[in-house]
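Below are the chains, spelled out letter by letter.
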Amino acid sequence: MAEKIGAAKAIAELTGWNAVEGRDAITREYHFSDFNEAFGFMTRVALRADQMDHHPEWFNVYNRVNVLLATHDADGVTTLDLELARFMDSIAP
């Protein structure tokens, strides 16, 4: 299992991410120019998440993608969440 680090440590190392109230999780909303760009982002993240065997909770409406990351097995934020968040940030415009 990945090392549990907690939301506070994760958001200290990331830009644009926030802690989720009442849960050891982090969240971010991404904005894109249109649905195609948002869906392309989600597709790239889905491929990476499958490779990692670590999947986000997310919600998409047109050009917005809301992401919540936490490792269910650890009941909180782990290094896997930090790695996936960094990947998302690296491919988002």
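Scroll up for the structure.
A short tour of the structure in this document, coming up.

Calculation criteria
- Residues numbered from 1 in each chain as written.
- Predicted model: local features only at pLDDT ≥ 70, side-chain atom pairs only at ≥ 80, totals over all residues.
- Heavy atoms only, no water.
- Helix = DSSP H or I, 4+ residues; strand = E, 2+ residues; numbered from the N terminus.
- Buried < 20%, exposed > 50% of the residue type's maximum accessible area, 1.4 Å probe, protein only.
- Contact = heavy atoms within 4.5 Å.
- Areas by Shrake-Rupley, 256 points an atom, 1.4 Å probe, with all protein chains shown as cover.
- Lys, Arg positive; Asp, Glu negative; His and termini not counted.
- Charge placed at Lys NZ, Arg CZ, Asp CG, Glu CD.

**Focus on the overall build of the protein chain**
Moving on, step 1. Helix and strand counts for the protein chain stand at three helices and four strands.
Moving on, step 2. When the helices and strands of the protein chain are placed in sequence order, the string is α-β-β-α-β-β-α.
Moving on, step 3. Across its three principal axes, the protein chain shows a C-alpha extent of roughly 35 × 25 × 20 Å.
Moving on, step 4. The buried share among the 93 residues of the protein chain stands at 39%.
Moving on, step 5. Long-range pairs, those at least 24 residues apart, make up 63% of the contacts in the protein chain with a sequence separation of at least 6.
Moving on, step 6. As displayed, the protein chain offers around 5300 Å² of accessible surface, 50% of which is attributable to carbon and sulfur atoms.
Moving on, step 7. Between the mean site of the 8 positive side-chain charges and the mean site of the 15 negative ones, the protein chain shows a separation of 4 Å.

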